[in-house]
Amino acid sequence: MSFSPTVWRAGLGFAALGVAFLGALLVLADLPVGWALIALGLPLSGVLALAGDALGRDFAGVLAARFAGLLAVTRPWMWFVALYVALKIPVPLWPEGFPVLGLASTGALFVAALLFVWERENAWKAGVMALVAFALGLGVEVLGSRTGIPFGLYSYATAPGPLLLGVPLIVPLGWFALTLTATSLSGGRPWLAGLLMLLWDVGLEPLMTAQRYWLWSDPLPLWAGAPVQNFLGWWGVGWLISWVFTGLAPRLFGLRREEWAWALPWQARDFPLHRGPSLSLLPGRAARGTDFRVVYPIEAFFLPGGLVLVGRYAEAGVTLAAMLAGLWLARRVTRFDRT
């Protein structure tokens, strides 16, 4: 079986990250050799992700050329995605700092999502989409934690701050960034975006309850204390926010039909040619081939890894399987979208 260059680069890059992750586990076990594996694995992952398919040929030349090309097309939102990843790396070495690093990482991802929409569409749409997702996410969490609707019976009583209306700030920030990721990966299909959010939550539930961000008291638990109702709620809220996103910015997700522009009826006659002023902080054109889908496979690595670090090995395996299934399904459903 032959693999594409992209698969080779991704596979080798993640394997090198695995070396660094193993090093973190050894450090937690008070074995100094772990630091050497971390120092080796982290830079090696970046190198292999860029030129892992060129091993055995002019590797140095290919690496240098691709690095220069990467700098030329790197957009502002990509730097914040890189920051979001970088802030996850110290977690194994500073477990008690998880609330600080988790909030900072999610905040960086929120900013990345905002800049991504701003660049591809305009500032107005970016602000409206962020506000809608934040407000809906906060609203359902306030309602859910106080009434059990739509997720089931849970509490934020043990959650670390900062809190907004009794809800950890990290939660509504995440609803915007995570749903934008799922909608991009689904090709603008709200039903599929909701399903991808559901699969994402398979890993979030055991990790965040282990960190005591929320605690379940539902009488009918299914997974990590969460009932079936919780996962249906994640699908429903993810579907709703994604539906709003596709109505506000259909082109952002590859949708070409005018009827999708339900949220902007005054712009429908210009669709899909109308475009407002966009953000451009760096020279060069936007990299249209790269979009916010990249966040999902990143989480498919880090989320199971986080569960391993807190000793939830079975949950880590289930989470990895669930998110890989989501990636496979999205690829199958959207395989003809870009042809």
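Preceding this paragraph is the structure being described.
Cut-offs and rules
Residues numbered from 1 in each chain as written. Predicted model: local features only at pLDDT ≥ 70, side-chain atom pairs only at ≥ 80, totals over all residues. Heavy atoms only, no water. Core = buried A, V, L, I, M, F, W, Y, C linked by side-chain atoms within 4.5 Å. Buried < 20%, exposed > 50% of the residue type's maximum accessible area, 1.4 Å probe, protein only. Helix = DSSP H or I, 4+ residues; strand = E, 2+ residues; numbered from the N terminus. Contact = heavy atoms within 4.5 Å. 1 Å grid on protein atoms, 1.4 Å probe; cavity = no way out; pocket = protein on both sides within 12 Å on 5 of 7 lines; lining within 4 Å. Points joined across faces, edges and corners; volume = space filled by probe spheres on them.

Enquirer: Just to check I follow, could you spell out the nonpolar core for this structure?
Expert: Nonpolar side chains tend toward joint burial in soluble globular proteins. In this structure, Met129, Leu180, Trp200 and Phe292 are the most contacted members of the largest nonpolar core, which totals 77 residues. Contributing elements (two or more residues each) for this core: helix H4 (76–86), helix H5 (98–120), helix H6 (123–147), helix H7 (170–185), helix H8 (190–210), helix H9 (228–248), helix H10 (295–309) and helix H11 (313–333). Considering every element that reaches this core, the biggest residue donor is H8, with 11 residues. Those residues in contact with Phe292 that lie beyond four places of it in its chain are Trp77, Val81, Leu109, Ala112, Ala113, Phe116, Ala177, Leu180, Thr181 and Ser184.

Enquirer: I tried to follow the layout of surface pockets on my own but got confused; where do I start?
Expert: In this approach the atoms are scanned with a rolling probe the size of a water molecule, which exposes any empty space left behind. Reported here for the second largest pocket is a volume of approximately 960 Å³. What lines the second largest pocket is a set of 49 residues, among which Lys88, Phe98, Leu207, Glu299 and Leu303 lie closest to the centre. Looking at the lining of the second largest pocket, the elements with two or more residues in it are helix H1 (5–28), helix H2 (33–51), H5, H7, H8, H9 and H10. Top element by residues in the lining of the second largest pocket is H10. It accounts for seven residues.

Enquirer: Would you take a moment to explain unusual backbone geometry for this structure?
Expert: Most peptide bonds adopt trans geometry, and most residues besides glycine take a negative phi value. Along the chain, Ile149 connects to Pro150 via a cis peptide bond; the corresponding omega equals 10°. By the element assignment, Pro150 lies in the loop between H6 and strand S1 (154–155). In this structure, Asp30 is a non-glycine residue whose phi angle is positive, near 65°. Of note, Asp30 is situated in the loop between H1 and H2. A positive phi angle, near 55°, is found at Leu165, a position not held by glycine. Here Leu165 is to be found in the loop between strand S2 (163–164) and strand S3 (167–168).

Everything listed here is a matter of geometry and, on its own, says nothing about what the molecule does.
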